[in-house]
Amino acid sequence: MTRYLKELLRRKDLLLYLVKSGLKAEHRNSYLGYFWWLLDPLLGALVYYFLVVIVMGRGGENYGIYLVIGQVVWRWTNTSINNSSRSIIQYTSIIQQVNLPKAIFPLTRVASQLVNFMFGLIVVVVFLLFFHIPPHWQIAYLPIVILVQLLFLMAISLIIAYVSVFIRDLSNILSHFMRVWFYASPVIWEGSRLPYQYEWIEKINPLSYILKGYRDIFISGTSPNLEILMVIGLVSVVVVACLIYFYSRNEHKIIKAL
């Protein structure tokens, strides 16, 4: 495993190249290009704001900023996991010719979407200004929440990428699972408002605590629940370490399956 980690670090130039090429390819043929990094979360938030506030007449105070934070965080989650299902398969020709640590491919997908997420934070700042919400010193906790989400997504992406090599239909199933996960998370609906018999859904959902961490920092001006976030982060680190070890012992199976 130590040798495998050293090989991952040695290939950091390849990781940066894959991140850059992935970002360029994302909107290569679109007219607005990189502007979509800002426009995607903005349009998503406006659609749900129209549906929930104007059509259904719901949504509380500062619901607009609540919604855009949910959209930005979910966009990073959804795109990273969906893209990871094709991350190894997409580079079959390279993998069959060059000996590379296969874990690098799903990790680059998470890293590239982290760049998109940073641009999404610009949209969050615009909404904060629009709703006249002043910055709070708790913004210092923001890197911690981002790191926890990064580790969490790395763990999931490594699993999805490996399984997808052997079960090619997983990407089709994954789209439906992500849709269920979206509505089971407080992305567009406000947390702690589920009926009593369904409260367990929010409690077992790690993304609920990550979303709440961002909203505590930006909207409430309160400290996030560091205990729960640290648990999520530590569990994610353990899972990532176990998966790196698993990849190092089973990469020959990936080459045979491809």
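Our structure is the block above this text.
How each quantity is defined
Residues numbered from 1 in each chain as written. Predicted model: local features only at pLDDT ≥ 70, side-chain atom pairs only at ≥ 80, totals over all residues. Heavy atoms only, no water. Helix = DSSP H or I, 4+ residues; strand = E, 2+ residues; numbered from the N terminus. Rg over C-alpha atoms; globule rule 2.2 N^0.38 Å. Buried < 20%, exposed > 50% of the residue type's maximum accessible area, 1.4 Å probe, protein only. Contact = heavy atoms within 4.5 Å. Salt bridge = Lys/Arg side-chain N within 4 Å of Asp/Glu carboxyl O. Patch = residues over 30% accessible without salt bridge, like charges linked within 9 Å, V, L, I, M, F, W, Y side chains within 5 Å. Areas by Shrake-Rupley, 256 points an atom, 1.4 Å probe, with all protein chains shown as cover. Phe/Tyr/Trp six-rings, centres within 6.5 Å; stacked < 30°, edge-to-face > 60°. Lys NZ or Arg CZ within 6 Å of the ring centre and 35° of its normal. Axes fitted to C-alpha atoms, helices over the stretch in contact; angles between N-to-C directions. Parallel < 35°, antiparallel > 145°, perpendicular 65-115°, else oblique. Left-handed = near helix turned anticlockwise from the far one by under 90°. Polar contact = N/O pair within 3.5 Å; in protein donor to acceptor, adjacent residues only side chain to side chain.

A.B. asks: Hey, could you run me through the overall build of the protein chain in this one?
C.D. replies: Helices and strands together make up the secondary structure of the protein chain, namely eleven helices and zero strands. Counting from the amino terminus, helix and strand elements in the protein chain follow one another as α-α-α-α-α-α-α-α-α-α-α. Relative to the compact-globule value of 18 Å for 258 residues, the protein chain shows a C-alpha radius of gyration of 19 Å, a close match. Referenced to the eigenvectors of the C-alpha coordinate spread, the extents of the protein chain come out at roughly 55 × 45 × 35 Å. Per-residue burial over the protein chain gives 47% buried out of 258 residues. Look at the contacts in the protein chain between residues 6 or more apart in sequence, and 80% of them connect residues 24 or more apart.

A.B. asks: Mind showing me how you'd approach the pattern of salt bridges here?
C.D. replies: When the charged atoms of two side chains with opposite charge come close together, those side chains can pair. Summed over all chains, the structure comprises two salt bridges. The shortest N-O distance in the salt bridge between Glu251 and Lys102 comes to 3.3 Å. Here Glu251, found in helix H11 (residues 226-257), pairs with Lys102, found in the loop between helix H5 (92-97) and helix H6 (104-130); they are 149 residues apart in sequence, far enough to count as distant. Considered together, Glu251 and Lys102 belong to a single accessibility category, that of buried residues. For Lys212, the salt bridge identified is with Asp216, shortest N-O distance 3.0 Å. Of this pair, Lys212 and Asp216 both sit in helix H10 (residues 206-220), four residues apart, roughly one helical turn. For Lys212, a relative accessible area of 47% puts it in the partly exposed group.

A.B. asks: Can you walk me through a nonpolar patch on the surface in this structure?
C.D. replies: Together, Tyr49, Phe50, Leu51, Ile54 and Val55 make up an exposed nonpolar region whose accessible area comes to about 470 Å². In this fold, Val55 is placed in helix H3 (residues 36-55).

A.B. asks: In this structure, what is going on with the packing of aromatic side chains? I would like to understand it.
C.D. replies: What describes a pair of aromatic rings is the distance from one ring centre to the other and the angle between the planes of the rings. One pass over the full model with this rule turns up 15 aromatic pairs. Aromatic pair Trp74 and Trp181: ring centres 5.8 Å apart, planes at 85 degrees, arrangement edge-to-face. Linking Trp74 in helix H4 (residues 63-84) with Trp181 in helix H8 (residues 170-184), this pair joins segments that are 107 residues apart in sequence. Each member of the pair, Trp74 as well as Trp181, is classed as buried. Arranged with centres 5.3 Å apart and planes meeting at 80 degrees, the rings of Phe130 and Phe131 form a pair that is edge-to-face. The exposure class assigned to Phe130 is exposed, which follows from its relative accessible area of 62%. A network of ring pairs unites the aromatic residues Tyr48, Trp74, Phe152, Phe177, Trp181, Phe182 and Tyr183 as a single cluster. When the ring centre of Tyr66 is taken as origin, the NZ or CZ atom of Arg215, which lies over that ring, is 3.5 Å away.

A.B. asks: Sorry if this is basic, but what is going on with the packing of H4 against helix H7 (residues 142-166) here?
C.D. replies: Axes are the key here: two packed helices are described by the angle between their axes and the distance separating the axes. Packing of H4 against H7 brings their axes to within 8 Å, and their N-to-C directions diverge by 25 degrees. As the angle between them shows, H4 and H7 are arranged roughly parallel. Our pair here, H4 against H7, has a crossing hand that is right-handed. For the pair H4 and H7, contact is made by Val73, Trp76, Thr77, Ser80, Ile81 and Ser84 and by Ile146, Gln149, Leu150, Leu153, Ile156, Ser157, Ile160 and Ala161, respectively.

A.B. asks: Explanation requested: the side chain of Gln138 in the structure shown.
C.D. replies: In this fold, Gln138 is placed in the loop between H6 and H7. For Gln138, a relative accessible area of 7% corresponds to the buried category. A polar atom in the side chain of Gln138 sits 3.0 Å from the backbone oxygen of Gly221.

A.B. asks: Can you help me understand the environment of Thr108 in this one?
C.D. replies: Residue position: Thr108 is located in helix H6. For the pair formed by Thr108 and Gly22, sequence separation is 86 residues and the distance between their alpha carbons is 8.5 Å. When neighbours within four sequence positions are excluded, Thr108 is seen to be in contact with Leu15, Leu18 and Val19.

A.B. asks: Would you explain the environment of Gly120 in this entry?
C.D. replies: Here Gly120 lies in helix H6. Between the C-alpha atoms of Gly120 and Phe50, which are 70 residues apart in sequence, the distance is 20 Å. Apart from the residues lying within four places of it in its own chain, the contact partners of Gly120 are Trp37, Pro41 and Val72.

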